[in-house]
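# A structural walkthrough
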Amino acid sequence: MAGVRRLVASRKQQVGIMTPFQHPSFDGHERICFFSESKSGLRAIIAIHDTTLGPALGGCRMWAYADGGDPLDDVLRLSRGMTYKNALAGLPLGGGKAVIVADPATDKSPALFEAFGRAVDSLGGRYITGEDVGVSDADMEVVARRTAHVRGIRATGLGDPSPFTAWGVFCAMRAAVRYRWGKPSLEGLTVGVQGLGHVGSRLAALVRADGARLIVGDIDAAKVEAARRRLDAVIVAADTVHAADIDVFAPCALGSGLNESTIPEIRAAIVCGAANNQLRTPADGLALAARGILYAPDYLVNAGGVIAIAPDRPGIDADAMKNRVARIGDTLTAVLRRAEAEGASPEQVADRLAEERIAAGRDALLRSA
Ligand code: NAD
C-alpha cells in the first residue's frame, strides 16, 4: 500500500500535478468547492476564504480562461481579496468568490445559472453570491430561482452594485487628487480608464462630469466608440491606457494589470480604479511607491458595490447609501496619511487595518465560545 502511495506521489511530481493546497495563491482558504454538471454545462469553483466576520460574500465571475488564465488562481486571489475588502469596509461579512468557466458571450443559459444557484445553495448560506465580470444582474435573477443566498438583485435591496462601485472609486479618486495636489475636483486633469464595462463606463461619466478629460481603452470596440461619442473621450489601444499621457490611471478591466512590464511605462501620478487584484504581486505595490506613484488600494476603493448590497433589505434609500459609500474617500485619505507617516505603502497599511479587524473578530468569537 505504501508502495502504491509512493508511486502515485512520484507520478504526480513527474506530471507536475499539484493539489489546491499547494497552489501559490492558496492562503488557508476554509473551503474550495468544484462543481461540474454535464446537463447544464456548468463548471464552476467557489472559494470561501474566511468567515470570521460573517458569511462569505463575493461575486461570481464568468470567464472562458481561454488565454491560459487559471480559474483556480483567480478564485483563490479574488476570495482572499473579498475577506480584506469586507473587513476594511467594516461589514459583518467574510470573503468568498465564485468563477464559472465559460464564455459570457456564447455560453449563457438559464439552465447554467440555475445549476450555479443550486451549487451556491448547497453551501447552506456560508457563501453569498452576486455579479462580477461577465455576469449581469439579470443573470443573478436566474440564480435566485434556486437559492436565497444572492445579493445585488432588486428583491434583496438596491439591485445592480456597479453604480455604487463606480461612485466609490470616483470619491476615492477625488480624495487621492486632493491628497496629492490639494485640488477639490478633477477639473483640468486627464484620466485614463481601462475597461468600460458596468463600472468603468459609469466611472468615466462621473469623471467627465467633474471636468476631467478622458482617455479610454477596451477590447470591445462598441464600448470605446460610445465613450468617444457621449463623453468626448480619446480612444487608445486597450493595453496601452496605462502608458498614455494621463494624470490618473483607472484600471477597470481584469486583474494583474500593474506588473513589472506595465509599471515602468506608467506616466500617471495616481492609480485609482475598480479592477480587483490590480497588483500582480506585492512587489508591484512597492515598485509603484518607488516610482512615486500614489496607488489607491483596489479593495479599499472598489468596496462601494459590496457596501451597497450587504444589507439584505429591499427598499433601502439609495441617496443614504451613496453617502455611506462616499466615506471610502475618507478611509483612503486616512490610509494615505498613515502610510506617509509610517513610511509604508498604502496597501501595506490597508492590509494591516483589515487584518486587525479580522483578528479582533476572531478574539471576540473565541471569547464568546
Ligand atoms: P464588466 O465585465 O462589466 O466590464 C469589464 C470590461 O473590461 C469589459 O468592457 C471588457 O470588454 C473590458 N476588458 C476586458 N479585458 C480587457 C483588456 N485587456 N483591456 C481593456 N478592457 C478589457 O465588469 P465590471 O463589473 O465593470 O468590473 C470591472 C472590474 O471591477 C473587475 O475587475 C471587477 O472584478 C471589479 N469590480 C466590479 C464591481 C462591480 O460592482 N461590478 C465591484 C468591485 C470590483
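See the structure shown above.
This one's a predicted model, so the numbers in the text were calculated from it and none came from an experiment.

The rules behind these values
- Residues numbered from 1 in each chain as written.
- Predicted model: local features only at pLDDT ≥ 70, side-chain atom pairs only at ≥ 80, totals over all residues.
- Heavy atoms only, no water.
- Near = heavy atom within 4 Å.
- Polar contact = N/O pair within 3.5 Å; in protein donor to acceptor, adjacent residues only side chain to side chain.
- Areas by Shrake-Rupley, 256 points an atom, 1.4 Å probe, with all protein chains shown as cover.
- Helix = DSSP H or I, 4+ residues; strand = E, 2+ residues; numbered from the N terminus.
- Domains from an automatic or database assignment.
- Core = buried A, V, L, I, M, F, W, Y, C linked by side-chain atoms within 4.5 Å.
- Buried < 20%, exposed > 50% of the residue type's maximum accessible area, 1.4 Å probe, protein only.
- Contact = heavy atoms within 4.5 Å.
- 1 Å grid on protein atoms, 1.4 Å probe; cavity = no way out; pocket = protein on both sides within 12 Å on 5 of 7 lines; lining within 4 Å.
- Points joined across faces, edges and corners; volume = space filled by probe spheres on them.
- Salt bridge = Lys/Arg side-chain N within 4 Å of Asp/Glu carboxyl O.
- Lys, Arg positive; Asp, Glu negative; His and termini not counted.
- Pairing = 2+ DSSP bridges.
- Axes fitted to C-alpha atoms, helices over the stretch in contact; angles between N-to-C directions.

Quick look at the site of the ligand now. The immediate surroundings of the ligand are formed by 24 residues, with T165, H198, D218, A253 and N276 found nearest. Between D132 and the ligand, the recorded distance is 2.9 Å, taken from a side-chain N or O atom to an oxygen atom. Backbone polar atom of A253 to an oxygen atom of the ligand: 2.7 Å apart, as the coordinates give it. Considered on its own, the ligand offers 830 Å² of accessible surface; in the complex 88% of this is hidden by protein. For the shell around the ligand, the secondary structure elements donating two or more residues are α5 (162–181) and α6 (198–209). Two domains each donate at least three residues to the shell around the ligand, and these are domain 1 (5–78 + 94–156) and domain 2 (162–355).

What follows covers the nonpolar core. Core analysis: the biggest nonpolar cluster contains 67 residues, and M173, V193, L203 and V207 have the highest contact counts within it. Among the elements that line this core, the one with the most residues is α5, at ten residues. Once residues lying within four places of it in the same chain are set aside, the contact partners of L203 are A166, V169, F170, M173, A250 and C252. By size, the runner-up hydrophobic cluster in this structure holds 26 residues, among which are F35, F113, V143 and I153.

In this section: the layout of surface pockets. Within this model, the second largest pocket holds a volume of roughly 590 Å³. Contributing to the lining of the second largest pocket are 26 residues, with R77, R80, N277, P282 and D351 lying nearest its centre. Of all the elements in the fold, those that place two or more residues in the lining of the second largest pocket are α2 (71–88), α8 (282–290), α9 (298–301) and α12 (346–368). Top element by residues in the lining of the second largest pocket is α2. It accounts for seven residues. Here the lining of the second largest pocket gathers at least three residues from each of two domains, domain 1 (5–78 + 94–156) and domain 2 (162–355).

Below, the discussion takes up the pattern of salt bridges. Counted under the stated rule, the structure contains 17 salt bridges. Residue R146 pairs with E114 through a salt bridge whose shortest N-O separation is 2.8 Å. Of the two residues, R146 is situated in the loop between α4 (137–143) and α5 and E114 in helix α3 (residues 110–121); the sequence distance between them amounts to 32 residues. A salt bridge links E342 to R338; the nearest nitrogen and oxygen atoms lie 3.0 Å apart. Taken together, the positions of E342 and R338, both in helix α11 (residues 318–342) and four residues apart, correspond to about one turn of that helix. Judged by its relative accessible area of 39%, E342 is partly exposed.

On to the side chain of D284, then. Relative to the assigned elements, D284 resides in helix α8. No salt bridge forms around the buried D284; measuring N to O, its nearest opposite-charge neighbour R280 is 5.9 Å away. Of the polar contacts made by the side chain of D284, one reaches the backbone nitrogen of R280; its length is 3.2 Å. Residue contacts for D284: discarding those within four places in its chain leaves L258, N259, E260, I263 and L279.

Turning our attention to the sheet that holds strand β7 (residues 190–194). With parallel pairing, the six strands of this open sheet are ordered in space as β9-β8-β7-β10-β11-β12. The two strands at the open ends of the sheet, each matched to only one other strand, are β9 (234–235) and β12 (294–295). Contacting β8 (213–217) and β9, helix α7 (residues 221–231) runs over the sheet at an angle of about 170 degrees to β8.

Nothing here speaks to function; it is all geometry.
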